[in-house]
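# Structure assessment
Here's the letter readout for the chains.
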Amino acid sequence: MTLLEQVHAIGRDAIAPHAHAVDRDARFPVEAFTALREAKLLSCYVPVEHGGMGLSIVDLSRVCEALATYCGSTAMIFAMHQIQVACIVHHALSADYFRRYAVELVERQHLLASATTELGIGGDVRTSRCAVIVQDGRFTLEKQAPVISYGEAADAILVTCRRAPDAAPGDQAHVLVKKEDCTLTPLSGWDTLGFRGTCSSGFALAATGAAEQILPVPYADIHGKTMHPFSHGVWASLWLGIATDAVTRARGFVRAEARKTPGTLPPSALRLAEVDTILFSMRAGVQQTIAEYHTLLTDNEEGAFTSNYGFALRVNNLKVTSSQLLVDVVSRAMLICGISGYRNDSKHSLGRQLRDAYGAALMVNNDRILGQSSVMQIVRREG
Ligand SMILES: Cc1cc2nc3c(=O)[nH]c(=O)nc-3n(C[C@H](O)[C@H](O)[C@H](O)COP(=O)(O)OP(=O)(O)OC[C@H]3O[C@@H](n4cnc5c(N)ncnc54)[C@H](O)[C@@H]3O)c2cc1C
């Protein structure tokens, strides 16, 4: 069985049967993560020499897409976890502590969450108010985090913060906070339109730990090479999975209609052909950007992430277009399925997919991204 076939088997057996309850009850997808852990998939991006599967970003993108055809929340949690793993793999394996942690992650299948968003700063990932304080080889860190997905279920949280109390807001560090060394005091719940199973409640985080848990490079480097392109790459991949699921449901509906009137195509068949062209464009954007990112990573082209804004702009374009196309595709699929898609109790139901779809533009607000892109458009070099 190929890895992707294994992922689909987990999707059918352990994810799809619980997707409705996960969404309805806004609960963590326990069954999905038990199965993903058993398959050692939480460490699939860890290089082989550290015990993982050494998947590439291309392979990982396909796994995220496949998972999302069964449950958007499961795929989102999986993708967010892999972003944190990638931050460690790309930037921290030069340090003994993180090499040991990578091995531990493989053995124990730790789940990693992220706290970048901060009260008073919102979604501006490259600015922090809170600061890590280091003394005698130990750190303390407090952060008011309005959104930490699966914060309660995670084994560790990677937290952005200022490098020191006297550092500027953009002079940031990235700190691995272990659950056992951290107190999470609830600030807000997570009763949202979509991605309900991500359980992205707000917390006041207070943590302590060894200074070696601070990633050994500035967060600016991590952001440019990993956090920014990796996040938008795996998010867009899972959005593609949600869109694919919607079109598959629409196809099932049109086929059922066609069977009722042999020899005559139902009018919705044309709409199905049309929505598939949009899905095609969405897929092309995801695959092209992921392929470019893969090449930059394998060529070890550090400069490509900092010197020219061309790649960063294409990543921003991927985020904005795929989050918009997702809503477009699911809405069109809903129109095709009609009341059958609108109902919550039908096999063609698209309510969860549509509600999830609207979250995509908000995960780092598209206006914020377009604002950054507008500046890069002016200062970028051609090529
Ligand atoms: C499903 C889901 C899961 C998430 N999980 C996590 C998580 O695990 N960890 C985490 O840290 N965060 C997480 N987030 C938070 C997310 O990534 C965003 O950073 C956060 O939602 C931004 O919140 P906001 O919309 O209130 O703030 P803002 O991004 O500040 O946006 C608020 C409004 O201000 C406007 N705005 C603000 N600044 C600008 C600007 N410079 N240019 C243009 N417009 C601007 C926006 O357009 C928008 O209308 C999650 C979000 C979602 C939807």
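What this report covers is the structure whose coordinates are included nearby. (Residues numbered from 1 in each chain as written. Predicted model: local features only at pLDDT ≥ 70, side-chain atom pairs only at ≥ 80, totals over all residues.)

It is worth spelling out the overall build of the chain at this point. For the chain, the count of helices and strands is eleven helices and seven strands. By the compact-globule yardstick of 21 Å for 383 residues, the chain fits well, its C-alpha radius of gyration being 21 Å. Here the C-alpha coordinates of the chain stretch approximately 80 × 50 × 40 Å along the principal axes. When the 383 residues of the chain are sorted by exposure, 48% land in the buried category. Sequence separation of 24 or more characterises 76% of the internal contacts of the chain that already satisfy a separation of 6 or more. (Helix = DSSP H or I, 4+ residues; strand = E, 2+ residues; numbered from the N terminus. Rg over C-alpha atoms; globule rule 2.2 N^0.38 Å. Buried ≥ 20, exposed ≤ 12 C-beta atoms within 10 Å, placed from the backbone. Contact = placed C-beta atoms within 7 Å.)

The largest bend along helix α1 (residues 3-25) reaches roughly 50° and is located at isoleucine 15, with the proline proline 17 sitting one to four residues downstream. Listed in full, the buried residues belonging to α1 are Val7, Ile10, Gly11, Ala14, Ile15, Ala19, Val22 and Asp23. Contacts from the buried residues of α1 go to α2 (30-38), α3 (57-68), α4 (72-91) and α10 (351-357). Alanine 26 occupies a position one or two residues after α1 and carries a positive phi of about 45°. (Bend = angle between axes of the 7 residues up to and from the residue.)

With respect to spatial proximity, 22 residues lie near the ligand, and among them Thr117, Gly122, Gly123, Ser149 and Asp367 are the closest. Secondary-structure elements contributing two or more residues to the shell around the ligand are β1 (112-115) and α11 (366-379). When grouped by side-chain class, the residues that make up the shell around the ligand number nine nonpolar, eleven polar and two charged. (Near = placed C-beta within 6 Å. Nonpolar A, V, L, I, M, F, W, Y, C, P; charged D, E, K, R; others polar.)

The interhelical angle for the contact between α3 and α4, taken along N-to-C directions, is 155°, at an axis separation of 7 Å. Classed by the angle they form, the pair α3 and α4 counts as roughly antiparallel. Listed contacts from α4 to Leu60, Cys64, Leu67 and Ala68 of α3 are Gly72, Thr74, Ala75, Phe78, Ala79 and Gln82. Residues belonging to the contact of α3 with α4 are distributed by class as follows: seven nonpolar, three polar and no charged. (Axes fitted to C-alpha atoms, helices over the stretch in contact; angles between N-to-C directions. Parallel < 35°, antiparallel > 145°, perpendicular 65-115°, else oblique.)

Spatially, four strands are ordered β2-β3-β7-β6 in an open sheet, and the strand pairing comes out antiparallel. Single-partner strands in this sheet number two, and they are β2 (133-135) and β6 (182-188). Strand-to-strand twist in this sheet, taken as the mean axis angle between neighbours without regard to direction, amounts to 10°. Direction of pairing for β2 relative to strand β3 (residues 138-145): antiparallel, over a ladder of three bridges. (Pairing = 2+ DSSP bridges.)

Moving on to the environment of alanine 16. Relative to the assigned elements, alanine 16 resides in helix α1. In the structure, alanine 16 is positioned 358 residues away from serine 374 in sequence and 40 Å away in space, judged by C-alpha atoms. Not counting residues up to four positions away in its chain, the partners in contact with alanine 16 are Gly11, Tyr70 and Cys71.

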